[in-house]
Amino acid sequence: MTVMLRGDVETDEEPAVLEDVKRIVAWVPMPPGTSAQVTGSTAMMLEVQKEMTSSMVTMLATAVVLMVLALWLTFAHARWRLLPLPIVLVGVVYTAGVMGVTGVPITMVSMAVFPILIGLGVEYAIQFQNRMMEELGAGKGAGAAAVATVKGIGPPVTYSVMCTCLGFASILTSPVPMVYDFGLMCLIGVIVCFLTALFLLLAILVILARRRSFTVKEQKSGVIERVIERVAETTTRHPGVIIVAIIAMIAGYALDPTIGVEIDQSTFAPQDLPSVVLFRSLSNVMGYKTGDMVVQVKADDVTSPDVVRWTKDFSDYEQSNNPEVLAVNSLATAVEARTNGTLPSTSQGLRDAIAALPPDELDSYVDDFRGTGVIRMTINTLDTEQLMSMLRRVEKDLQFLRPPAGMEASLSGQQKVMLTTLGSLQGDRLAMTLESGLLVLAGLLLVFRGNWVRAVVPVIAVIIVTGLSCIVMILLHMKYTPLSVTLGALTIGIGVDFSILHMERYYEEKSRGHPP
């Protein structure tokens with residue numbers, strides 16, 4: 001048995017409808033030896049959303065624990081080595097508040113903002129705290145050390161934040177709402193975490209230093225520092241490593257179009273969720289996974305005989321020629337169900353048959369003004385690539401079987417959204433990466449006043465990493481999703497942050513007379 005929701009049911013009303021259906025199923029007596037369970041895409045996705053909310057807490061807790069370990073092991077020369085983390089968590093809370101105020105929903109994409117912000121925010125805080133320790137170690141007072149810290153490390157960190165935001169800004173060009181929201185929250189979160197580190201962290205450090213609770217330990221090279229030093233020496237002495245990386249980068253960009261795209265939301269959820277298991281069991285029993293496809297019809301009067309007969313012809317053509325169309329329901333099929341399986345041969349007879357339909361049944365196919373109607377198709381959803389191929393075929397069929405003059409027909413509903421989303425993910429990801437790189441380059445040229453060397457070097461580094469990430473995805477047999485499609489822009493935005501800070505520290509040390 002299939003329960004079809006009305007088209008005016010809002011998303012936030014679906015959980016209540018689902019619970020009502022479950023209560024009715026539990027209340028209705030079943031024959032001995034039989035049982036009924038509520039399943040389907042709606043029931044599955046609602047449970048997935050609940051799981052996302054609970055898993056977000058686990059994800060954030062894991063990120064915090066890992067960051068504690070990282071700070072404890074790599075920031076051992078500072079007494080207050082864990083201080084950057086609570087400072088950044090304040091910024092994350094501010095960002096979550098902004099999401100609530102602006103109405104940005106928690107989705108499988110936007111929830112990934114918080115671990116990114118924890119990582120970037122801690123990095124900003126470490127830069128300020130590390131420089132503050134250097135200034136205190138030089139014998140300066142708390143206030144003077146804070147001023148020197150802002151003057152010394154403030155501009156490079158500000159440049160890196162600006163370029164990170166420019167790198168993330170290309171995500172806003174995506175027509176997919178959840179991707180756009182993700183990019184927007186990345187921008188807001190990066191700025192908030194930077195300001196929190198700049199003002200709140202430094203204020204706390206000044207207080208601690210004045211109370212003599214803050215001490216500076218002699219920094220010794222650990223394992224991580226020695227490994228990084230060895231890698232840096234190897235790459236500078238053997239430029240062939242860079243050449244190999246560039247060749248691999250070119251190969252990555254060339255092979256990027258071969259990476260598949262996955263937009264089936266059921267694959268993003270834990271596969272042991274009861275609703276997912278039940279949904280897949282149903283699909284296995286039936287031999288296919290069903291979904292709904294809607295063709296929207298517009299005309300002055302969609303109940304006119306010409307429109308209804310075209311609807312009948314198109315439905316018959318799809319069922320005869322498209323094996324993935326399992327069933328079709330429309331105004332024409334509703335009339336046929338009451339006229340012995342055939343449409344009345346006369347226009348007046350067809351009008352009379354439509355007038356005799358129950359109002360609720362007529363409303364399920366036609367709007368109140370009779371200007372818009374729908375053809376509902378039950379389809380085998382297949383995997384993502386096959387589904388998109390089938391949807392494109394239906395769009396071509398609509399061009400082949402043109403409706404009568406004054407009438408329009410187009411693919412609509414969730415499947416149309418999926419087709420648009422897939423087209424965006426396939427066509428926009430490289431464009432998004434290119435836009436991100438160009439925006440960062442323009443920002444660096446502006447910051448460094450036309451110095452091409454200092455502007456181009458950080459961009460080259462992150463462009464190489466972005467190309468290498470394509471190779472990694474191919475080797476791991478990964479597919480692009482609504483989140484990973486932003487990988488190029490994220491890599492450029494985050495990578496250029498590190499590149500700028502390292503480059504600026506290099507020039508600072510060089511200005512002090514140290515050899516390259």
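Located above this text is the structure these notes cover.
To start, this report covers the structure provided alongside it.

Looking now at the overall build of the chain. In terms of regular secondary structure, the chain is built from 17 helices and four strands. Burial analysis of the chain (516 residues in total) assigns 41% to the buried set. Taking contacts inside the chain between residues at least 6 apart in sequence as the whole, the part at least 24 apart equals 78%. For the chain, the exposed surface amounts to about 27,100 Å²; the carbon and sulfur share of it is 62%.

Here we take up the environment of Thr196. Considering the arrangement of structural elements, one finds Thr196 in helix 6 (residues 177–210). It is 5.9 Å that separates the C-alpha atoms of Thr196 and Gly91, two residues lying 105 residues apart in sequence. If near-sequence neighbours (up to four positions away) are discounted, Thr196 is found in contact with Ile87, Val90, Gly91, Tyr94 and Leu201.

With that settled, consider the pattern of salt bridges. A complete count under the given rule lists seven salt bridges for this structure. Of the charged contacts in the structure, one is a salt bridge between Lys140 and Glu135, with a shortest N-O distance of 2.8 Å. Residue Glu135 is classed as buried on the basis of its relative accessible area, which comes to 9%. The partner of Glu361 in a salt bridge is Arg338, with the nearest N and O atoms 2.8 Å apart. Of this pair, Glu361 sits in helix 13 (residues 359–363) while Arg338 sits in the loop between helix 11 (331–336) and helix 12 (347–355), and the two are 23 residues apart along the sequence. Residues participating in the shared-partner salt-bridge network are Arg131, Glu134, Glu135 and Lys140.

Here we come to the environment of Asp256. When you line up the elements, Asp256 lands in the loop between helix 8 (240–255) and helix 9 (274–286). Judged by its relative accessible area of 2%, Asp256 falls in the buried class. Setting aside anything within four residues of it in sequence, one finds Asp256 in contact with Arg429, Leu430, Cys470 and Tyr480.

A rise of 1.5 Å per residue sets the reference length of helix 16 (residues 452–475), with its 24 residues, at 34 Å; its end C-alpha atoms lie 35 Å apart and thus fit the reference within 8%. Every buried residue of helix 16 is listed here: Ala455, Pro458, Val459, Val462, Ile464, Thr466, Gly467, Ser469, Cys470 and Met473. The distance from a side-chain oxygen at the start of helix 16 to the backbone nitrogen of Val453 is 3.2 Å, and the residue carrying that oxygen is Asn451. Just past helix 16, the residue His477 takes up positive phi, approximately 55°.

Moving on: the nonpolar core. Tyr124, Phe128, Met132, Val157, Phe182 and Val190 are the most contacted members of the largest nonpolar core, which has 56 residues in total. If you list the elements that add at least two residues to this core, you get helix 2 (41–74), helix 3 (84–102), helix 4 (113–137), helix 5 (142–169), helix 6 and helix 17 (487–511). In terms of residue count, the dominant contributor to this core is helix 6 (16 residues). Core analysis: the next-biggest nonpolar cluster, separate from the first, contains 35 residues, Trp310, Leu343, Ile379 and Met388 among them.

Our focus in this paragraph is the side chain of Glu318. By the secondary structure assignment, Glu318 is in helix 10 (residues 305–321). One buried charge, Glu318, has no salt-bridge partner; the nearest side chain with opposite charge is Arg393, at 5.6 Å. Among residues more than four places away in sequence, those in contact with Glu318 are Val325, Met377, Val394 and Asp397.

We now examine the packing of helix 5 against helix 17. Interaxial distance between helix 5 and helix 17 falls to 8 Å at its minimum, and their mutual angle equals 165°. On the basis of the axis angle, helix 5 is roughly antiparallel to helix 17. The interaxial crossing formed by helix 5 with helix 17 has right-handed handedness. In this structure, helix 5 contributes Pro156, Val157, Tyr159, Ser160, Val161, Cys163, Thr164, Gly167 and Phe168 to the contact, and helix 17 contributes Ala489, Leu490, Gly493, Ile494, Val496, Asp497, Ile500, Leu501 and Glu504. Of the residues belonging to the contact of helix 5 with helix 17, the class tally is twelve nonpolar, four polar and two charged.

Following the criterion strictly, the structure yields five aromatic pairs and no others. Aromatic pair Trp310 and Phe314: ring centres 5.3 Å apart, planes at 10°, arrangement stacked. Taken as a pair, Trp310 and Phe314 lie in helix 10 at a separation of four residues, close to a single helical turn. Side by side, Trp310 and Phe314 carry an identical accessibility label, which is buried. Three or more aromatic residues joined by ring pairs form one cluster here, namely Tyr124, Phe128 and Phe194. Over the ring of Trp72 we find Arg81, and its NZ or CZ is 3.8 Å from the ring centre.

Moving on: the packing of helix 8 against helix 16. Between helix 8 and helix 16, the shortest axis-to-axis distance is 7 Å and the interhelical angle comes to 60°. In terms of orientation, helix 8 lies oblique with respect to helix 16. Our pair here, helix 8 against helix 16, has a crossing hand that is left-handed. Residue-level inspection shows Ala245, Ile246, Ala248, Met249, Ala251, Gly252, Tyr253 and Leu255 of helix 8 in contact with helix 16, the latter providing Ile463, Ile464, Thr466, Gly467, Leu468, Cys470, Ile471 and Ile474. Residue classes in the contact of helix 8 with helix 16 are distributed as 13 nonpolar, three polar and no charged.

Looking now at a nonpolar patch on the surface. A cluster of nonpolar side chains, contributed by Val65, Leu66, Leu69, Trp72 and Leu73, occupies part of the molecular surface with about 550 Å² of accessible area. Examined against the element boundaries, Val65 turns out to sit in helix 2.

Positive phi, close to 60°, is recorded for Asn340, a residue that is not glycine. Mapped onto the elements, Asn340 comes out in the loop between helix 11 and helix 12. The backbone of His477 sits at a positive phi, close to 55°, despite the residue not being glycine. Residue position: His477 is located in the loop between helix 16 and helix 17.

Definitions and cut-offs
- Residues numbered from 1 in each chain as written.
- Predicted model: local features only at pLDDT ≥ 70, side-chain atom pairs only at ≥ 80, totals over all residues.
- Heavy atoms only, no water.
- Helix = DSSP H or I, 4+ residues; strand = E, 2+ residues; numbered from the N terminus.
- Buried < 20%, exposed > 50% of the residue type's maximum accessible area, 1.4 Å probe, protein only.
- Contact = heavy atoms within 4.5 Å.
- Areas by Shrake-Rupley, 256 points an atom, 1.4 Å probe, with all protein chains shown as cover.
- Salt bridge = Lys/Arg side-chain N within 4 Å of Asp/Glu carboxyl O.
- Expected span 1.5 Å × (residues − 1).
- Polar contact = N/O pair within 3.5 Å; in protein donor to acceptor, adjacent residues only side chain to side chain.
- Core = buried A, V, L, I, M, F, W, Y, C linked by side-chain atoms within 4.5 Å.
- Lys, Arg positive; Asp, Glu negative; His and termini not counted.
- Axes fitted to C-alpha atoms, helices over the stretch in contact; angles between N-to-C directions.
- Parallel < 35°, antiparallel > 145°, perpendicular 65-115°, else oblique.
- Left-handed = near helix turned anticlockwise from the far one by under 90°.
- Nonpolar A, V, L, I, M, F, W, Y, C, P; charged D, E, K, R; others polar.
- Phe/Tyr/Trp six-rings, centres within 6.5 Å; stacked < 30°, edge-to-face > 60°.
- Lys NZ or Arg CZ within 6 Å of the ring centre and 35° of its normal.
- Patch = residues over 30% accessible without salt bridge, like charges linked within 9 Å, V, L, I, M, F, W, Y side chains within 5 Å.

Keep in mind these values describe shape, not function.
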